[in-house]
Amino acid sequence: MSARARAFVSAGLACTLMAGALGARAFETAVEAFAPADMAPALSTVAYDRKGSILRVFATPDGRRRLPVRLREVDPRFLKSLLAVEDRRYWRHGAVDWGSVARAAWQWTSRRRIVSGASTISMQYARLLATYDAKPAPAGALRPDLPRRLWDKVAQTFGAFAVERALGKKAILRRYLEIAPYGGDLQGVAAASRAWFGKSPRRLTWGEAALLVALPQAPEARRPD
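The notes below deal with the structure included here. Because the structure is predicted, anything quoted here is derived from the model rather than measured.

**Details of the environment of Asp38**
So, point 1. Its location among the elements puts Asp38 in the loop between α1 (3-34) and β1 (46-48).
So, point 2. Judged by its relative accessible area of 40%, Asp38 is partly exposed.
So, point 3. Sequence spacing of Asp38 and Leu129 is 91 residues, and the spatial spacing of their C-alpha atoms is 7.2 Å.

**Examining the pairing of strand β2 (residues 54-57)**
So, point 1. Pairing of β1 with β2, which is carried by three bridges, proceeds in the antiparallel orientation. Paired with Val46 across the bridge in β2 is Val57.
So, point 2. Linking two consecutive strands that pair antiparallel, namely β1 and β2, is a turn of five residues; a positive phi of about 90 degrees is found at Gly52 within it.

**Overview of helix α8 (residues 206-214)**
So, point 1. When α8 is considered as a whole, its buried residues turn out to be Glu208, Ala209, Leu212 and Val213. Projected down its long axis, α8 carries its buried residues within an arc of 140 degrees, all on one side.
So, point 2. As for α8, its buried residues are in contact with α2 (76-86) and α7 (189-197).

**Concerning the packing of aromatic side chains**
So, point 1. What the rule picks out here adds up to one aromatic pair.
So, point 2. Considering the side-chain rings of Tyr90 and Trp91, the 5.0 Å spacing of their centres and the 75 degrees angle between planes classify their relative orientation as edge-to-face.

**Structural notes on the pattern of salt bridges**
So, point 1. A complete count under the given rule lists nine salt bridges for this structure.
So, point 2. Notably, a salt bridge pairs Arg174 with Glu178, separated by 3.3 Å at the nearest N-O pair. With a gap of four residues between them, Arg174 and Glu178 both fall in helix α6 (residues 169-179), about one helical turn apart.
So, point 3. A residue is classified by how much of its surface remains accessible, and Arg174, at 26% relative accessible area, is partly exposed.
So, point 4. You can call Glu178 buried: its relative accessible area is 7%.
So, point 5. Arg223 is the partner of Asp225 in a salt bridge, and the nearest nitrogen-oxygen pair spans 2.7 Å.
So, point 6. On the basis of relative accessibility, which here comes to 63%, the residue Asp225 falls in the exposed class.

Calculation rules
- Residues numbered from 1 in each chain as written.
- Predicted model: local features only at pLDDT ≥ 70, side-chain atom pairs only at ≥ 80, totals over all residues.
- Heavy atoms only, no water.
- Helix = DSSP H or I, 4+ residues; strand = E, 2+ residues; numbered from the N terminus.
- Buried < 20%, exposed > 50% of the residue type's maximum accessible area, 1.4 Å probe, protein only.
- Pairing = 2+ DSSP bridges.
- Arc of directions from axis to C-beta.
- Contact = heavy atoms within 4.5 Å.
- Phe/Tyr/Trp six-rings, centres within 6.5 Å; stacked < 30°, edge-to-face > 60°.
- Salt bridge = Lys/Arg side-chain N within 4 Å of Asp/Glu carboxyl O.

Structure, rendered in structure tokens:
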């Protein structure tokens, strides 16, 4: 058996053991405990002129500029590139991409360092929502004395199951595109596209789309200004 096959088998066995240990009721309890209280942070109030052009985008109560997004109003090249980079099996997995988890775990154990991540769009959305959620970590759901990085991944995983159950794939992707960080007070691809390029996200060039795909990974380091 190849090393990659062994990694997949090991991941599958680990998932099976975890599921058996938790049990269905405990799993449901954990999903509910990590479910974000608010699935959609407030969007900005926008002032338009008589022709429908944006005059001003007002900050939200938490000091961000977020514009509503519809998937059909975003350049298809941007969406294709985003999923290719961040979550290429987005439409097929159930909140967690276990193949990516197995790959990342194998790379970490074989090279003794983090080579690639395994966060899905759903997990990233759950993580972003958690920054607006003031409720304390659910100590009763799982052991909170895990290392911080591992505990955060556990929270993101169960949060991802919760948001997928509540919203579904299209809504998660759309809402992720409304709150992903793009530098400064900008959140969401629509606000970023208008602020950085002065245009709708529907009219992006390949270069602009590539930058907007890369920005959320390091928004302050990669912002165009």
